[in-house]
Amino acid sequence: MAGERKLCIFLFITLQFPLLQTAKILTICFIGGSHYLLLDEISRILHNNGHDVRMFLQFGEGMLPGYKLPPSPYPVSTYSLDEKYLKEYKEHFIENQKEFLVGRRGLQSILTFLGELSYQCNVTLHQSDILKFLKNEQFDIAIVDAFNPCTFLVSEKLGIPYIAFFPGIFGNALRVGIPTPLSYVPLFQSQLTDRMDFFGRLKNTVTFFVSHIIGKKIDSIFDNVIEEHFPAGSRPSIADLHLKAELWLYNVDFTIEFARPLLPHVQYIGGLLAKPAKPLSQELEDFITESGESGFIVVTLGSMLSSIPLVEFVKEMNAGLAKIPQKVIWRYQTSHWPEEVALAPNVKIVDWLPQNDLLGHPKVRLLVTHGGMNSLMEAVYHGVPVLGIPLFGDQYENMVRIKAKNMGTSIPPEQLKSENFAQTILEIIQNKSYKTSAMKLSAIRKSLPFPPDQQLLRWVEHIVQTGGGGHLHPYSYQQPWYQQCLLDVILFVTVCLTVTVYLIVTLFRVLIQKICSSGKQKQN
Ligand SMILES: *[C@@H]1O[C@H](CO)[C@@H](O)[C@H](O)[C@H]1NC(C)=O
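Residues numbered from 1 in each chain as written. Predicted model: local features only at pLDDT ≥ 70, side-chain atom pairs only at ≥ 80, totals over all residues. Heavy atoms only, no water.

## Some points on the sheet that holds strand 3 (residues 76–79)
- Spatially, the 7 strands line up as an open sheet ordered 3-2-1-4-5-6-7, and their pairing is parallel. Of all the strands in the sheet, the pair left with one neighbour each is strand 3 and strand 7 (266–268). Strand-to-strand twist of the sheet, defined as the mean angle between neighbouring strand axes without regard to direction, takes the value 20 degrees.
- Where strand 5 (residues 162–166) and strand 6 (residues 247–250) come together, 4 bridges link them in parallel fashion. Note on strand 6: the bridge partner recorded for A164 is W248.
- Strand contacts of helix 6 (residues 149–158): strand 1 (24–29), strand 2 (52–58), strand 4 (141–145), strand 5 and strand 6, with the helix running at about 160 degrees to strand 4, the strand carrying the most contacts. (Pairing = 2+ DSSP bridges. Helix = DSSP H or I, 4+ residues; strand = E, 2+ residues; numbered from the N terminus. Axes fitted to C-alpha atoms, helices over the stretch in contact; angles between N-to-C directions. Contact = heavy atoms within 4.5 Å.)

What follows is the structure in structure tokens.
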């Protein structure tokens, strides 16, 4: 009996997953904050499903201020940058935050940040002991944080095929060669929706050309590192490494993103961190109970912004929150709270908050957020309306989508004052249309054919089992650009037409001349 049962189970498993094997997977993460949270979740999912996962991680300390890293169930190879550099890096980041909070967000800050990543990449590629160890491990596949070009370079150096995971919306659709019709697909940095009027489409077209120039500029930041670590003749370009990824996974889905064409090796697996809520601590639960019918709101400006380096800004936010009847749970590093500001009586500040669990609480009314994709995907999952205070990166673009889907609205940080802050919070809570839209998106999210963790698992296994994503890559990847745009065909057709028209016109001219001259002869 027992033997038969075992056989049945064996057959069941082998028939269901005929090719399933344990894959050796390396996840690569060199940036903290939300990037780490996502790569950690990806590693856990693959590990929990029987794969042999290791993470290659930079830092350790200070990458998630206020958060205690839980012990990792999978092994991690890690190293830290030197203290002096980290201190400078942190100071620089705080200066940047100040700029963002007063509304200065030029291209320069992004380029400077990528400069830091390039510096760090050089340090990473000099970790010869770790690299040697990782190379000997012979991984089947790497999953890399595609925001940081260095992760591609490390995979290339190790000779491991890789899956690119992009932690946000399509900042790089053009670079991955995803068809992007400019008439209805708004480009990154355009702050447009899919419904563009004439000037919108004009702006989108201009953004297209500017993006190409910026892309080239960004790649060039890594030129020195590539030169130093790859021998002449086998130096990769960042642009080629984008195309070499076996698969592209994006941390977004069509609840937030506008419908658009994709490629077969491009998959949306947004919202890995959004899950059913777990019970809260007694302390938080007690605080929420005090709120009565008014409920509570959650305030957090993202994993990287644990406190606000401008006292004026803290004052305005705090004064605004004091004006609303709701209780407020605000993620703010308690040790950094400015002494001269008296915390509003309805506000509780905490070093770190279980955001997903709070958003799943029946009494939550609103999420005030910087507009990071993880936060938004959690809000979508639980159907919670959003007020955005976007600061940098993709946050403005994300909020454009939230507004277009009527799930909330945003206030640029430089315009935030206590009055409009309180008013906007109350408007979103009282105008039921926001909640209705949020619930609609939540229903869509929860009825997706495959939840994101299943998609991740199946796609990674598919790529490992088939030995790469070559069968999913379009031929356009090998075509020169003029062939892709059909410029040669257009040129040919234009020449043919011109010649034909010329011939016809010439023929008619000759005929008319003949007829005219024969007419004249008759008259004569
Ligand atoms: C990389 O680091 C090494 C050792 O610290 C240094 O000598 C070299 O100049 C750096 N190269 C680049 C491109 O930054």
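## Details of the side chain of Q395
- Mapped onto the elements of the fold, Q395 is located in helix 14 (residues 395–404).
- We classify Q395 as buried; its relative accessible area is 5%.
- Within the structure, Q395 has its side chain in polar contact with the backbone nitrogen of L391 (distance 2.9 Å).
- Contacts of Q395, omitting those with residues within four sequence positions, involve H370, G371, G372 and P390. (Buried < 20%, exposed > 50% of the residue type's maximum accessible area, 1.4 Å probe, protein only. Polar contact = N/O pair within 3.5 Å; in protein donor to acceptor, adjacent residues only side chain to side chain.)

## Some points on helix 5 (residues 128–137)
- All of the buried residues in helix 5 are I130, L131 and L134. All buried residues of helix 5 project into a common sector of 95 degrees when viewed along the axis, lining one side. Projecting away from the buried face of helix 5 at angles above 90 degrees are the exposed residues D129, K132 and N136.
- Contact partners of the buried residues in helix 5: strand 1, strand 2, strand 3, helix 4 (107–125) and helix 6.
- Immediately downstream of helix 5, the backbone of Q138 shows phi near 50 degrees, a positive value. (Arc of directions from axis to C-beta.)

## Describing the environment of G270
- Locating G270 in the fold gives a position in the loop between strand 7 and helix 10 (282–289).
- Through-space distance from the C-alpha of G270 to that of L503 is 59 Å; in sequence the pair is 233 residues apart.
- Excluding residues within four positions of it along the chain, G270 makes contact with Y250, N251, V252, D253, M377, R445 and P452.

## What to know about the sheet that holds strand 9 (residues 327–331)
- Sheet architecture is open: 6 strands sit in the order 10-9-8-11-12-13, paired in parallel fashion. Edge positions in the open sheet fall to strand 10 (347–350) and strand 13 (408–410), since each of these has one partner strand only. Within this sheet the neighbouring strands show an average axis-to-axis angle of 15 degrees, counted without direction.
- In this sheet, strand 9 lies alongside strand 8 (residues 296–300) in parallel orientation, the contact comprising 4 bridges. Across the sheet, I297 pairs through a bridge with V328, a residue of strand 9.
- Against the sheet, helix 14 touches strand 12 (386–388) and strand 13, its axis set at about 140 degrees to strand 13.

## Considerations on helix 2 (residues 33–48)
- Between the first and last C-alpha of helix 2 there are 23 Å, a value that for 16 residues agrees with the 22 Å anticipated at 1.5 Å per step.
- Buried residues dominate helix 2, accounting for 12 of its 16 residues.
- Restricting attention to buried positions, one finds in helix 2 the residues G33, H35, Y36, L37, L38, L39, D40, E41, I42, S43, I45 and L46.
- Buried residues along helix 2 sit against strand 1, strand 2, strand 4, strand 5, helix 13 (373–382) and helix 17 (452–465). (Expected span 1.5 Å × (residues − 1).)

## Section: the site of the ligand
- Within the structure, the ligand sits among N122, H126, N224 and E228.
- Measuring from a nitrogen atom of the ligand, one finds a side-chain N or O atom of E228 at 2.6 Å.
- When the ligand is considered free in solution it has 360 Å² of accessible area, and contact with the protein chains removes 40% of it. (Near = heavy atom within 4 Å. Areas by Shrake-Rupley, 256 points an atom, 1.4 Å probe, with all protein chains shown as cover.)

## Notes on unusual backbone geometry
- At Q138, a position not held by glycine, the phi torsion is positive, near 50 degrees.
- Counting through the fold element by element, Q138 comes out in the loop between helix 5 and strand 4.
- Even without a glycine there, the phi angle at Q191 is positive, about 55 degrees.
- Within the element layout of this structure, Q191 appears in the loop between strand 5 and helix 7 (198–220).

## Section: the pairing of strand 5
- Counting buried positions over the 5 residues of strand 5 gives 5, a clear majority of the element.
- Alternating residues of strand 5 divide into Y162, A164 and F166 and I163 and F165, and every residue in both groups is buried.
- The β-α-β motif built from strand 4, the intervening helix 6 and the parallel element strand 5 has right-handed crossover chirality. (Right-handed = clockwise from strand over helix to strand, strands pointing away.)

## Things to note about the packing of helix 5 against helix 6
- Contact geometry of helix 5 with helix 6 gives a least axis separation of 9 Å together with a crossing angle of 60 degrees. Here helix 6 runs oblique to helix 5, going by the angle between their axes. Note that helix 5 runs across helix 6; the crossing there is right-handed. Contacts between helix 5 and helix 6 involve L131, L134 and K135 on the former and, on the latter, V154, K157 and L158. (Parallel < 35°, antiparallel > 145°, perpendicular 65-115°, else oblique. Left-handed = near helix turned anticlockwise from the far one by under 90°.)

## Describing the packing of helix 4 against helix 6
- Two elements in contact, helix 4 and helix 6, have axes whose closest approach is 9 Å; the angle formed by their N-to-C orientations is 20 degrees. Regarding the angle of helix 4 to helix 6, the classification is roughly parallel. The way helix 4 lies across helix 6 gives a crossing that is right-handed. Contact residues: helix 4 offers L114, C121, T124 and L125, while helix 6 offers P149, C150, L153, V154 and K157.

## Observations regarding the state of the cysteines
- Following the criterion strictly, the structure yields 1 disulfide and no others.
- C150 provides the cysteine sulfur closest to C29, a residue in no disulfide bond, and the two sulfurs are 12 Å apart. (Disulfide = S-S within 2.5 Å.)

## Examining the packing of aromatic side chains
- Throughout the structure, instances matching the rule amount to 18 aromatic pairs.
- Aromatic side chains F93 and F392 sit 6.5 Å apart centroid to centroid with 90 degrees between the ring planes, which places their arrangement in the edge-to-face category. You can see F93 sitting in helix 3 (residues 83–101) and its partner F392 sitting in the loop between strand 12 and helix 14, a full 299 residues away along the chain.
- Judged by relative accessible area, which is 26%, F392 ranks as partly exposed.
- Note on F113 and F147: the rings are 6.3 Å apart at their centroids and 35 degrees apart in plane angle, and the pair reads as tilted. Here F113, found in helix 4, pairs with F147, found in the loop between strand 4 and helix 6; they are 34 residues apart in sequence, far enough to count as distant.
- Owing to a relative accessible area of 31%, F147 belongs among the partly exposed residues under this scheme.
- Every member of this aromatic cluster is reached through a ring pair, and the members are F152, Y162, F166, W248 and Y250.
- A cation over a ring is seen here: K157 above F230, with NZ or CZ 5.2 Å from the ring centre.
- The lysine or arginine in question, K348, covers the ring of F287, its NZ or CZ lying 5.9 Å from the ring centre. (Phe/Tyr/Trp six-rings, centres within 6.5 Å; stacked < 30°, edge-to-face > 60°. Lys NZ or Arg CZ within 6 Å of the ring centre and 35° of its normal.)

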